[in-house]
Amino acid sequence: VQLQASGGGLVQAGGSLRLSCAASGRTFSIYAMGWFRQAPGKEREFVAAINRSGGSTYYADVVKGRFTISRDNAKNTVYLQTNSLKPEDTAVYYCAADTRGIATMSLFAYAYSYWGQGTQVTVSS
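Since the structure is predicted, the reported quantities are computational estimates derived from the model, not experimental observations.

Rules used throughout
- Residues numbered from 1 in each chain as written.
- Predicted model: local features only at pLDDT ≥ 70, side-chain atom pairs only at ≥ 80, totals over all residues.
- Heavy atoms only, no water.
- Helix = DSSP H or I, 4+ residues; strand = E, 2+ residues; numbered from the N terminus.
- Contact = heavy atoms within 4.5 Å.
- Buried < 20%, exposed > 50% of the residue type's maximum accessible area, 1.4 Å probe, protein only.
- Pairing = 2+ DSSP bridges.
- Disulfide = S-S within 2.5 Å.
- Salt bridge = Lys/Arg side-chain N within 4 Å of Asp/Glu carboxyl O.

> What is the right way to look at the environment of T104 in this model?
Take T104: it is sitting in the loop between β9 (91-97) and β10 (114-115). Note: C-alpha distance between T104 and A32 (72 residues apart in sequence) is 7.5 Å. Among residues more than four places away in sequence, those in contact with T104 are A32 and D98.

Shown next, in the form of structure tokens:
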């Protein structure tokens, strides 16, 4: 499985960005998908996850109500719509694929076997 993240950029506080993550390869093995982020000097943190069908989602408290995760299985792509961005949202955003073959979503990085290369999101104040 290969993951290609895109859509990052520089935006003013209050703005929006739509991140995309395209999967290729053994996509049939992908169950949940997740987004994580890592700011300079900080550990990687969970942002959002979505189950295989797209019917269930889970968010970190710090982004709940501002970010929306979705997926288009026909296109093998997962999205992260980020609204009302804050300077503290500045980070490299990574998408990840869970191929464990179970229905539950995880907020832990160790559950995800495949990772994209990351896309930089910078929010100016």
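> So what exactly am I meant to see when it comes to the pairing of strand β7 (residues 67-72) here?
For a regular strand, the rule is simple: side chains alternate between the two faces of the sheet. Only one face of β7 is covered, namely the face carrying F67, I69 and R71; the face carrying T68, S70 and D72 is uncovered. As consecutive antiparallel partners, β7 and strand β8 (residues 77-82) are separated by four residues, and within that stretch N76 has a phi angle of approximately 50°, a positive value.

> I keep staring at the state of the cysteines and nothing clicks. Help me out?
A covalent bond bridging the sulfur atoms of two cysteines is what the word disulfide describes. Tallied over the entire structure, the rule returns one disulfide. Each disulfide pairs two cysteine sulfurs, and for C21 the partner residue is C95, the sulfurs being separated by 2.1 Å. Because the sign of the S-S torsion sets the handedness, a value of about 65° for the bond joining C21 and C95 places this disulfide among the right-handed ones. Here the residue C21 occupies a position in strand β3 (residues 17-24), and C95 occupies one in strand β9, the gap between them amounting to 74 residues. We note that C21, like C95, is buried.

> Which parts of the structure should I look at to understand the pattern of salt bridges?
Side chains that carry opposite charge are capable of pairing whenever their charged atoms lie near each other. Summed over the entire model, instances satisfying the criterion amount to five salt bridges. We note a salt bridge from D89 to R37, for which the minimum N-O separation is 2.9 Å. One end of the pair, D89, is in the loop between β8 and β9; the other, R37, is in strand β4 (residues 33-38), and 52 residues separate them in sequence. Residue D89 is classed as buried on the basis of its relative accessible area of 1%.

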